[in-house]
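Per-entry structural report
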Amino acid sequence: MRYGYFDNKNREYVIDRVNTPVPWTNYIGVNDICAVLSQTADGYVFYQSPQYHRITRFRPNAPISRPGHYVYLRDDDTGEYWSISWQPVGKDLTKAKYECRHGLSYSKYRCDYQDISASQTVFIPLNEPVELWDVVLKNNGTRPRRLSVYSYLEFSFHQIDMDNQNFQMSLYASGSSYADGIIEYDLYYEELGYQWFTSSFEPDGFDCLRDSFLGAYRDESNPVAVEKGECSGSFEKTGNHCAVLQKKLVLQPGEDVRLTFLLGEGKREAAVSVRKKYSDPANVDKAFSDLAAFWEEKLGKLQVGTPNQGMNTSLNIWNLYQSEVNILFSRFASFVEVGGRTGLGFRDTSQDAMTIASSNPEKCRKRIVELCRGLTQQGYGLHLFQPEWFDPKLRGKQQSFKSPTVVPTPSREEMIHSIKDACSDDALWLIAAISEYIKETGEVSLLDETVTYADGGEDTVYQHMMRILDFSDKQVGATGICKGLRADWNDCLNLGGGESAMVSFLHYWAIRHFLDLSRFIGKTEETEKYEKMAAKVKKACNDNLWDGEWYIRGITANGRKIGTHNDQEGKVHIESNTWAVFSGVADPDRAVKAMDSVDKYLYTKYGLMLNAPSYTKSDDEIGFVTRVYPGVKENGSIFSHPNPWAWCAEATLGRGDRAMKFYNALLPYNQNDEIEVRQSEPYSYCQFVMGKDHTAFGRARHPFMTGSGGWAYFAATRYLLGVRPDFDCLIVDPCIPKDWSGFDVTRVWRGAAYQIHVENPSGVSKGVKTIELDGKAVSGGIPVQKAGTQHRVKVVMG
Ligand code: GLC
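Per chain, residues are indexed from 1 in the order of the written sequence. Restriction of local features to residues with pLDDT of at least 70 applies here, the model being predicted, together with a cutoff of 80 or more for giving and counting side-chain atom pairs; totals for whole chains, interfaces and linings are based on all residues. Values reported for side chains reflect all heavy atoms of the structure, with hydrogen atoms and water molecules removed beforehand.

Moving on: the packing of aromatic side chains. Only Phe, Tyr and Trp rings are paired, with Trp represented by its six-membered ring, and only when their centres lie within 6.5 Å; those with planes under 30 degrees apart are stacked, over 60 edge-to-face, the remainder tilted. This structure, assessed with the given rule, holds 62 aromatic pairs. Through a chain of ring-to-ring contacts, the aromatic side chains of Tyr3, Phe6, Tyr13, Trp24, Tyr27, Phe294, Trp295, Trp318, Tyr321, Tyr669, Tyr683 and Phe704 assemble into a single cluster. Lying across the ring of Tyr3, Arg17 places its NZ or CZ 4.5 Å from the centre. As a reminder, the over-ring test applies to NZ of lysine and CZ of arginine, requiring each to be within 6 Å of the ring centre and within 35 degrees of the ring normal. Lying across the ring of Tyr194, Lys267 places its NZ or CZ 4.6 Å from the centre.

What follows is the structure in structure tokens.
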């Protein structure tokens with residue numbers, strides 16, 4: 001069963017059955033202000049921080065997640081009313097036609113009801129802290145219509161905690177007022193705690209008090225003011241507040257009208273100029289087209305044309321979008337993550353940064369520097385930290401959104417935790433992020449930049465990298481395998497004093513990245529040192545972690561191996577096996593066996609499970625994972641994030657058919673017609689899909705905010721299609737299904753554009769016979785070309 005379709009021409013996903021099984025969300029805003037809105041316009045907006053500066057209120061995890069950013073319409077002759085998005089009024093879907101188009105940083109809601117067609121496009125102009133609703137109404141009938149239009153949103157007490165508990169102060173410190181067509185909302189105790197709401201027209205009515213607008217014993221589905229057709233003009237110091245502006249209109253047959261609603265940060269005065277600007281529809285159009293150009297520029301860096309339509313749609317639009325959303329908003333704003341955390345997670349941010357180096361090198365660089373500052377001198381990263389603690393420009397300054405009544409977040413000193421809180425994988429990911437950034441941009445000088453450590457002192461980025469590698473070198477158990485510390489990538493596998501196979505493989509991968517770099521810049525001494533380290537790690541892994549058909553996952557504090565042929569539960573794990581192969585630790589024979597075991601034990605039609613069989617007996621030596629329901633999250637679900645590691649591993653082995661089988665299984669696009677199973681958005685990878693050991697096998701959960709987006713993009717473009725930058729050339733080394741006759745990639749790299757046409761006349765999966773650049777043969781990769789130039793590249797596989 002499907003609920004919508006991909007409109008690639010407009011880069012939109014069109015939801016034409018709006019009663020999806022769960023909310024299908026989108027992310028509006030690319031800078032300081034961001035809204036998370038569903039296909040029914042439920043959701044919230046925040047400024048800079050979803051935890052500390054919520055602008056609108058949201059009641060999550062309810063049968064209907066409300067409220068949202070709504071427009072009501074009322075027929076003033078009959079008294080009947082509805083909303084432009086299906087919710088909150090929830091008209092009978094057999095009588096009213098509803099549609100939602102989720103686009104890149106905007107959502108467009110449409111409805112047709114009783115000869116009135118209406119649309120509400122919600123977007124946030126680039127570089128302006130303003131949410132804009134572009135509303136268009138048209139009378140398609142043959143008689144004049146008297147209509148009322150009402151906006152609605154509910155203001156929040158700014159801090160997530162204040163908004164959910166102990167209202168004995170916040171209820172009496174929040175106030176609203178109306179003057180000259182502008183609503184102003186404030187939290188009296190916050191110096192900068194103001195928002196405004198206005199419109200392009202002179203309102204005929206308004207309400208600022210939620211309960212006056214909705215009425216007693218009612219909710220957003222049947223506000224008394226809309227029912228009666230009159231707002232009450234309410235406002236007050238204290239209470240719960242909303243933004244309702246009412247406009248009465250007469251629409252002649254065939255006539256249309258365009259209205260703009262605006263929500264912004266700051267006091268009433270700030271609204272005046274913004275209101276003036278956007279009262280001119282030409283400025284609304286310009287802001288919207290600037291946003292489109294912003295995305296066009298990003299997407300234009302890499303576009304693909306392959307025989308796999310799902311892959312094209314995903315890589316050209318949605319997968320990149322998801323990756324960018326992750327890096328822009330960190331990971332903490334969704335309908336599931338409703339703002340209780342904030343800041344940067346070390347491992348997640350490192351990986352996210354690595355995967356968007358091509359589309360967003362500036363943000364990638366910014367994140368790299370922030371992460372280097374979050375590294376301790378010993379070489380481990382702070383698992384979760386606020387980048388502003390360590391930013392010389394911000395240090396010591398009060399954040400604008402900090403409220404005096406709320407318990408402050410831990411101070412920098414409190415957060416520089418001891419090694420017992422460190423996760424063993426966190427900082428290793430940063431090495432690859434730095435290396436990929438330099439390969440993308442050529443900015444080798446980043447290595448010489450001096451950056452502070454979280455616990456004092458400073459050093460170059462290059463030195464930071466070595467501290468990371470040295471930390472993992474020292475943190476090993478008796479067998480020479482890296483200690484698991486608090487956890488490794490798998491938060492629920494708490495090996496305690498034990499050892500993590502995955503981290504040793506990751507260590508090896510990070511050393512390899514570093515060695516490529518140190519050789520490239522001619523650092524002989526370091527190269528020798530880390531070559532020795534690499535050899536030592538590889539030997540320790542191969543001596544201790546091989547089980548016969550696959551690699552084990554780790555060793556508990558008591559020396560018990562996890563993930564062996566003797567285990568009834570948690571026999572095979574994806575993390576260790578994919579990393580053994582992708583890192584280069586496994587020799588070809590073991591690598592093939594390990595990935596065959598992944599296919600045999602972990603493959604399902606919806607993707608690869610994290611481990612199988614799932615744990616059913618609690619075992620604290622292994623960790624919390626054994627206390628998670630079988631088939632769910634870290635215990636045997638199809639956890640999406642590690643799936644691309646398997647594509648990379650198969651690409652290393654040159655098995656394109658197997659890699660594509662794995663790719664296609666997880667691809668959300670391929671579940672578009674199976675929403676009764678998937679439930680969640682088919683345009684976003686989800687954190688996990690329920691595994692075989694759960695009754696809801698195939699159900700996806702937690703869209704957008706997951707490392708799977710970035711990793712899927714990275715793995716598919718760089719290892720399946722094989723177009724990846726090196727330090728001094730662009731490599732084209734595809735691993736594709738044998739029945740692909742070829743594919744095309746447009747890639748902008750260091751300012752030059754390459755039209756890459758790959759042919760596969762002999763039906764192979766891997767291997768490049770010839771590469772021509774503008775008609776001339778080149779060997780190895782494509783050398784760097786002058787910025788601003790355009791080139792044709794022909795690659796023949798065989
Ligand atoms: C979540 C966390 C991530 C972790 C993964 C597996 O996605 O954000 O850091 O690696 O779960 O536990």
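In these notes, a set of buried Ala, Val, Leu, Ile, Met, Phe, Trp, Tyr and Cys residues joined through side-chain atoms within 4.5 Å is what counts as a nonpolar core. When a residue's accessible area, from a 1.4 Å probe over protein chains only, is under 20% of the maximum for its type it is buried; when over 50% it is exposed; and in between it is partly exposed. Judged by nonpolar contacts, the single largest core of 233 residues is most densely connected at Leu137, Phe213, Ile434, Trp579, Tyr663, Trp711 and Ile756. In this description a helix means any DSSP run of H or I spanning at least four residues, a strand means any run of E spanning at least two, and both kinds are numbered starting from the N terminus. Take this core: its biggest share by element is 12 residues, from helix α11 (residues 501–520). With 13 residues, the next largest nonpolar core counts Leu262, Ala271, Val274 and Ala287 among its residues.

Looking now at the pattern of salt bridges. One side-chain nitrogen of Lys or Arg within 4 Å of one carboxyl oxygen of Asp or Glu is enough to make a salt bridge. Enumeration according to the criterion identifies 60 salt bridges in this entry. Between Lys247 and Asp204 there is a salt bridge; the shortest N-O distance is 3.8 Å. Taken together, the residues Lys247 in strand β17 (residues 241–251) and Asp204 in the loop between β15 (194–199) and β16 (205–209) connect sequence positions 43 residues apart. You can call Lys247 buried: its relative accessible area is 17%. Residue Asp204 is classed as partly exposed on the basis of its relative accessible area of 41%.

In the vicinity of the ligand, the contacting residues are Arg331, Arg347, Asp348, Trp489, Asn490, Asp491, Glu634, Phe639 and Gln687. For the ligand, an oxygen atom lies 2.8 Å from a polar atom in the side chain of Arg347. Take Glu634: an N or O atom from its side chain is 2.4 Å from an oxygen atom of the ligand. In isolation the ligand exposes 310 Å². Once the protein is present, 89% of that is buried. Among the residues making up the shell around the ligand, the classes are represented as two nonpolar, two polar and five charged. Being near a molecule or strand, for a residue, means having at least one of its heavy atoms within 4 Å of it. Here a polar contact is recorded for every N or O atom pair within 3.5 Å, except that within protein the pair must consist of a potential hydrogen donor and a potential acceptor, and residues adjacent in sequence are included only if both atoms are side-chain atoms. Accessible surface is estimated by sampling points in the Shrake-Rupley manner with a 1.4 Å probe; for residues, cover comes only from the protein chains shown. Residues are sorted three ways: Asp, Glu, Lys and Arg are charged, Ala, Val, Leu, Ile, Met, Phe, Trp, Tyr, Cys and Pro are nonpolar, and all the rest, Gly among them, are polar.

To continue, consider the pairing of β17. Counting buried positions along β17 gives nine out of 11 residues, so the element sits mostly inside the fold. Two strands pair if DSSP finds at least two bridges between them. As defined by bridge partners, strand β12 (residues 145–152) adjoins β17 across six bridges and the pair is classed as antiparallel. Bridge assignment links Leu147 to a residue of β17, and that residue is Leu249. By the bridge criterion, four bridges tie β16 to β17 in an arrangement that is antiparallel. Following the sheet pairing, Asp207 is matched in β17 by Val244.

Let us now look at empty space enclosed by the protein. Only protein atoms enter the 1 Å grid used here, on which a cavity is any set of points holding a 1.4 Å probe that cannot leave and a pocket is any open set flanked by protein within 12 Å on both sides along at least five of seven lines; residues with an atom within 4 Å of a point are listed as lining. Grid points are joined across faces, edges and corners, and a volume is the space filled by probe spheres set on the points. In total, this model carries three cavities of 30 Å³ or more according to the counting rule given. A volume near 70 Å³ is recorded for the largest cavity. As for the largest cavity, its lining consists of 13 residues, and the residues nearest its centre are Ser314, Trp318, Pro668, Pro682 and Tyr683. The leading source of residues in the lining of the largest cavity is helix α5 (residues 309–329), at six residues. Class assignment for the residues of the lining of the largest cavity results in seven nonpolar, six polar and no charged.

By themselves, these observations are geometric and do not establish any function.
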